[in-house]
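# Structural overview
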Amino acid sequence: MSARAPSLLPNPLGGERHLWRWRGHDVAYITRGEGAPVVFLHSSHAAAWSGEWRRNVPAIPDTHRAIALDLLGFGASARPPLRYDAPLYLELIRDFLREVVQTPAVLVGSSLGGTYAIAIAHRHPELVRAVCAIGPAGVTRLVHRGGAVGAVVQGVFRSPGVGAALFGLLVSRWSIRTFLRDIYSDPRALDRETVELFHVSANQPGARFAPAAFVGMQLSEDIRAALPALTVPILLVWGEQARQTPLKEAAFVRALAPRATYAAIPGGDLPHDERPDAFNPVLGRFITSLPPLTNPGTPP
């Protein structure tokens, strides 16, 4: 069954929103600027979407083209009732790079978005110029998929009765604000605009199906073998006050990628949104340090 994108969400990133048809479903992405591509991959949680890059996409060096993708089931993309898992998303990202971007890209991902960026760079280095991973999972946590128990949990959240009711509670403004208090280290970052940014995405039709896979541990991906085998430059970024991905976990990731550039910056688990003044210069320096592309391509 094919699925069209829901009514389009606000666009806090600027640029233009596009739809790409993938396996019968609409996948949304935003482009801004021209030049060598930088592709942003958001984190995974009940309210996740590309809106988390609102303070970073506009700051990309003007020699580059920013592309912010909404993974299927999130944001302005369609939300079909699929059995979502990590292999599905890895195939989606691979095809997006091949069919839409068409030029080796810098991948910037947070949490599982960073995990997927590393996995893609390992499996398809011809598609990736470099990786910036912010607090990536897949080394000390979210390594293994949920198995039978996870599938049961996923099934409960997918159900039209109990699942829909549970998800409705999970994505209420009160619940989202409570969740974000654990994600942002500075309470001042939790203004009404930020809460509404995530609330509006989490309350789109069909919004529970992809997060159900996260709750059921189906989105996990093991990157312990991929990290030491990477052949592209990698920047690892950690929020110094992160709680879900605490700073101490960075040591385990860095041990597997000793040649990586590393930066610990103020902020919690979304330090790029909470402290763009600290994150954007780090990313900008990393991007501009890369060898230039001979053919950066044209905007899709």
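Residues numbered from 1 in each chain as written. Predicted model: local features only at pLDDT ≥ 70, side-chain atom pairs only at ≥ 80, totals over all residues. Heavy atoms only, no water.

## With respect to the overall build of the chain
Regarding its fold elements, the chain presents 11 helices and eight strands. Overall, the C-alpha framework of the chain stretches about 55 × 40 × 40 Å when taken along its three principal axes. With 300 residues in all, the chain has 59% of them scored as buried. By sequence separation, contacts in the chain at least 24 residues apart represent 75% of the contacts at least 6 residues apart. Looking at the chain as shown, the accessible area adds up to about 11900 Å², and 56% of this sits on carbon and sulfur atoms. Here the chain carries 30 positive and 24 negative side-chain charges, and the mean point of each set is 3 Å from the other. (Helix = DSSP H or I, 4+ residues; strand = E, 2+ residues; numbered from the N terminus. Buried < 20%, exposed > 50% of the residue type's maximum accessible area, 1.4 Å probe, protein only. Contact = heavy atoms within 4.5 Å. Areas by Shrake-Rupley, 256 points an atom, 1.4 Å probe, with all protein chains shown as cover. Lys, Arg positive; Asp, Glu negative; His and termini not counted. Charge placed at Lys NZ, Arg CZ, Asp CG, Glu CD.)

## Describing the environment of glutamate 240
Looking at where glutamate 240 falls in the secondary structure, it is placed in the loop between β7 (234-239) and α9 (250-256). For glutamate 240 and glutamate 274, which are 34 residues apart along the polypeptide, the C-alpha to C-alpha distance reads 12 Å. The contacts of glutamate 240, once residues within four sequence positions are left out, are Leu247, Ala264, Ile265, Pro266 and Gly267.

## Regarding a nonpolar patch on the surface
Together, Val162, Leu166 and Leu169 make up a nonpolar patch on the protein surface, roughly 290 Å² of accessible area in all. By the secondary structure assignment, leucine 166 is in helix α4 (residues 162-170). (Patch = residues over 30% accessible without salt bridge, like charges linked within 9 Å, V, L, I, M, F, W, Y side chains within 5 Å. Salt bridge = Lys/Arg side-chain N within 4 Å of Asp/Glu carboxyl O.)

## Structural notes on the packing of aromatic side chains
This model, assessed by the stated rule, comprises seven aromatic pairs. Considering the side-chain rings of tryptophan 20 and tryptophan 22, the 6.3 Å spacing of their centres and the 35 degrees angle between planes classify their relative orientation as tilted. Each member of the pair, tryptophan 20 together with tryptophan 22, is buried. Centre to centre, the rings of tyrosine 29 and phenylalanine 96 are 5.1 Å apart; their planes meet at 75 degrees, and the pair counts as edge-to-face. Note that tyrosine 29 is positioned in strand β2 (residues 25-32) and phenylalanine 96 in helix α1 (residues 86-101), a separation of 67 residues in sequence. (Phe/Tyr/Trp six-rings, centres within 6.5 Å; stacked < 30°, edge-to-face > 60°.)

## Here we look at the sheet that holds β2
Taken in spatial order, the eight strands make up an open sheet running β1-β2-β4-β3-β5-β6-β7-β8, and their pairing is mixed. Each edge of the open sheet carries a strand with a single partner, namely β1 (16-22) and β8 (261-265). Recorded for the sheet is a direction-independent mean angle of 20 degrees between the axes of neighbouring strands. Alignment of strand β5 (residues 105-110) against strand β6 (residues 128-134), held across six bridges, turns out to be parallel. Looking at the pairing, serine 110 lines up with isoleucine 134 of β6. Against the sheet, α1 contacts β1, β2, β3 (36-41), β4 (64-69), β5 and β6, and its axis sits at roughly 115 degrees relative to β1. Across the face of the sheet, helix α11 (residues 276-288) comes into contact with β3, β4, β5, β6, β7 and β8 while running at roughly 160 degrees to β6. (Pairing = 2+ DSSP bridges. Axes fitted to C-alpha atoms, helices over the stretch in contact; angles between N-to-C directions.)

## What about helix α2 (residues 112-123)?
The end-to-end C-alpha distance of α2 is 16 Å, a good match for the 16 Å that 12 residues give at a rise of 1.5 Å each. The buried count for α2 comes to 10 of 12 residues, which makes it a mostly enclosed element. Those residues of α2 lying buried are Leu112, Gly113, Gly114, Thr115, Tyr116, Ala117, Ile118, Ala119, Ile120 and Ala121. (Expected span 1.5 Å × (residues − 1).)

## What about helix α5 (residues 173-183)?
Considered for burial, the residues of α5 that qualify are Ser175, Ile176, Leu180 and Ile183. Looking straight down α5, one finds its buried side chains confined to an arc of 130 degrees; they lie on one side. (Arc of directions from axis to C-beta.)

## Examining the pairing of β8
Bridge analysis of β7 against β8 gives five bridges, and the strand direction is parallel. Pairing of leucine 236 across the sheet is with tyrosine 262, part of β8. With α9 bridging β7 and the parallel β8, this β-α-β connection has right-handed handedness. (Right-handed = clockwise from strand over helix to strand, strands pointing away.)

## Points about the nonpolar core
Leu97 and Val131 are the most contacted members of the largest nonpolar core, which totals 56 residues. Examining the composition of this core, we find that 10 residues originate from one element, α1, more than from any other. Residues contacting valine 131, with those up to four places away along its chain left out, are Leu107, Ala117, Ile118, Ala121, Val232, Pro233, Ile234, Leu235 and Phe286. Judged by nonpolar contacts, the second largest core, of 25 residues, contains Val57, Cys132, Ala263 and Phe286. (Core = buried A, V, L, I, M, F, W, Y, C linked by side-chain atoms within 4.5 Å.)

## Focus on the packing of α5 against helix α6 (residues 192-202)
Relative placement of two packed helices is described by the angle separating their axes and the distance separating the axes. Contact geometry for α5 and α6: axes closest at 10 Å, N-to-C directions at 120 degrees. Viewed along their axes, α5 and α6 form a crossing whose handedness is right-handed. Counted together, Arg173, Ile176, Arg177 and Leu180 of α5 and Arg192, Thr194, Val195, Glu196, Phe198, His199 and Ala202 of α6 form the full contact between these two elements. Looking at the contact of α5 with α6 residue by residue, the classes come out as five nonpolar, two polar and four charged. (Left-handed = near helix turned anticlockwise from the far one by under 90°. Nonpolar A, V, L, I, M, F, W, Y, C, P; charged D, E, K, R; others polar.)

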